[in-house]
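# Observations on chain architecture
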Amino acid sequence: MSRAKCIMVQGTMSGAGKSLLCAALCRIFAQDGLRAVPFKSQNMALNSFVTKDGLEMGRAQVVQAQAAGVEPDVRMNPILLKPSSDVGSQVIVNGEVRGQMKASEYFRTKRQLVPDILKAYDSLAEEADVIVIEGAGSPAEINLKSEDIVNMGLAEMVDAPVLLVGDIDRGGVFAQLYGTVELLEEKERRRIKGLVINKFRGDVEILRPGLSMLEEKTHLPVVGVVPYLKVDIEDEDSLSQRLEMRDGKKPLDAAIIRLPHLSNFTDFMPLEQHPLLGVRYVSNTHELGAPDLILLPGTKNTVDDLLWLRQCGLETALLKLAAKGTPVLGVCGGYQMLGQTLDDPTGSESGRPQTLRGLGLLPTRTVFSEQKRRAQVKATAAAAPFAGAELEGYEIHTGVTEAEGEPFAHYPDGGREGCVQGNVFGTYLHGLFDTGTLTEALAGWLCRRKGIDPSDAALIPMEEYRRQQLDILADGVRGALDMDAVYAAMGMERR
């Protein structure tokens, strides 16, 4: 097989829509009969995924792989940075933890990872027809360009043509695109084959004079004005608009605690899609109110986020609601917080040795260590009212939890997973709602508690729902983008 062609999507800023445009292109190429794969050399995200071989990668490339109809592979995201503080991140290379680094230390050493990046890319290039490459942030970060391994630096390494995307929804899109092009070196400008305006609302004709002037000033064609597409597809971390949801409005009110180091909030997307569940994120006691369900999500720093819960008053409010019978479900770090104690003997989780009192809602004790568990798993819910629900997902956590109470679920070999006590549930299983069986059991139980008839609420299975949303995304982008120009940029004829 000949080496794959490629196209790279760079943006004028974080949140310009690179991830979704890459997902759309992966879908379009797959629809056109090509084997497409995504690639992002370095991803900074707390939403991660565990592959079938137990390796960790960013979820954005997982979504793009799903869009392309291929199995997520850690080669698609060889470097993953998981922020653990304002100045440091856990560095994951080829799916394995390399260590904890401050930003300055990583900046000095990251070019040493170029061989890992190129090995992953070259391996994919031998198996695919097209590689859709996602940049990060902006290529015009002139203070960082000397050590760039994810934008124009990567484009030069793999000889990638580039589409530059600007976000008109935030305003100033012409300045975004023109300013970015002007700050690039001439050899970098030559890599840009087209400009894309993203998230447009309104009549494109009104834009025409601006588009003409932009093309005149940059000497680059505008190859698409992509409308603001209302699709429900997993987002990147803190930029996600779903984290701003404050009012669920449906018959059942589910409140997710928005922890400072919140991770893998994508676990709860199937709940958002349910016709009876109103899902909202809360950051203080006033927003919490009196929900029908409290969800305590995963976190990259369990100890610090538990202290935050304590300091802002949410711990007291949560305990009062739990005592009155409000169901509480903790996932991963949230599960650890629900226990009696959290012991960090070497400071691997929090940066200093300490033992912390948990929320005390579950009879569990967690001890942290450097070792991380990463595995795709299947389990069957054991706890009433969810008993029998089939679960599929993955575990990705540090810390070993000893549980004395009833298990939340059983592994196929009969082993215990998670813990339950009364109306409080804890599990390590990410993606627990994806199969839909637990979602329906949960919604039905909450309905019965509230005297609501759930019989008219039909839930589309998450896999089918995801396919529908990806097709909507691909159709919208295909209709707005000059795909002949995209294929030509890659040196290919449109199929």
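In the annotation of an unreviewed UniProt entry, the entry for the protein chain reads Cobyric acid synthase, and the organism field reads Faecalibacterium prausnitzii. Under the heading Function (unreviewed entry), UniProt records this for the protein chain: "Catalyzes amidations at positions B, D, E, and G on adenosylcobyrinic A,C-diamide. NH(2) groups are provided by glutamine, and one molecule of ATP is hydrogenolyzed for each amidation." Reading the Sequence similarities (unreviewed entry) entry of the UniProt record for the protein chain gives the comment "Belongs to the CobB/CobQ family. CobQ subfamily."

### Section: the sheet that holds strand E8 (residues 96-102)
Strand order across the open sheet formed by four strands is E3-E6-E7-E8, with mixed pairing between neighbours. Both outer strands of the open sheet, strand E3 (42-44) and E8, are each paired with one neighbouring strand and no more. Across the sheet, the axes of successive neighbouring strands diverge by a mean angle of 25 degrees, strand direction being ignored. In this sheet, E8 lies alongside strand E7 (residues 88-93) in antiparallel orientation, the contact comprising six bridges.

### Brief notes about the side chain of Lys-82
Take Lys-82: it is sitting in strand E6 (residues 79-83). Among the residues examined, Lys-82 registers a relative accessible area of 6% and is labelled buried. A polar contact of 3.1 Å, which involves the side chain of Lys-82, links it to the side chain of Ser-48. Looking at Lys-82, its side chain comes within polar contact range of the side chain of Glu-56, at 2.7 Å. Not counting chain neighbours up to four residues away, the residues in contact with Lys-82 comprise Ala-45, Leu-46, Ser-48, Glu-56, Ser-89, Gln-90, Ile-92, Lys-300, Lys-372 and Ile-396.

### A word on the pairing of strand E20 (residues 354-357)
Side chains Gln-354 and Leu-356 project from E20 onto a buried face, and the interleaved Thr-355 and Arg-357 project onto a face without burial. Note that strand E19 (residues 341-344) and E20 share four bridges and pair antiparallel. Considered in E20, the bridge of Thr-341 is made with Arg-357.

### Considerations on the sheet that holds strand E26 (residues 424-427)
Spatial ordering of the open sheet is given by E15-E13-E16-E18-E26-E25, a layout of six strands whose pairing is mixed. What marks the edges here is a single partner per strand, and that holds for strand E15 (277-282) and strand E25 (419-421). Across the sheet, the mean angle separating the axes of adjacent strands is 15 degrees when strand polarity is ignored. Bridge count for strand E16 (residues 293-296) against strand E18 (residues 328-331) is three bridges, and the pairing is parallel. If you follow Leu-296 over to E18, its bridge partner there is Gly-330. Contacts between helix H14 (residues 437-450) and the sheet are confined to strand E13 (252-257), E15, E16 and E26, with E13 contributing the most and set at about 120 degrees to the helix.

About the cut-offs
- Residues numbered from 1 in each chain as written.
- Predicted model: local features only at pLDDT ≥ 70, side-chain atom pairs only at ≥ 80, totals over all residues.
- Heavy atoms only, no water.
- UniProt positions renumbered as here; feature names shortened; annotations may be inferred.
- Pairing = 2+ DSSP bridges.
- Helix = DSSP H or I, 4+ residues; strand = E, 2+ residues; numbered from the N terminus.
- Axes fitted to C-alpha atoms, helices over the stretch in contact; angles between N-to-C directions.
- Buried < 20%, exposed > 50% of the residue type's maximum accessible area, 1.4 Å probe, protein only.
- Polar contact = N/O pair within 3.5 Å; in protein donor to acceptor, adjacent residues only side chain to side chain.
- Contact = heavy atoms within 4.5 Å.

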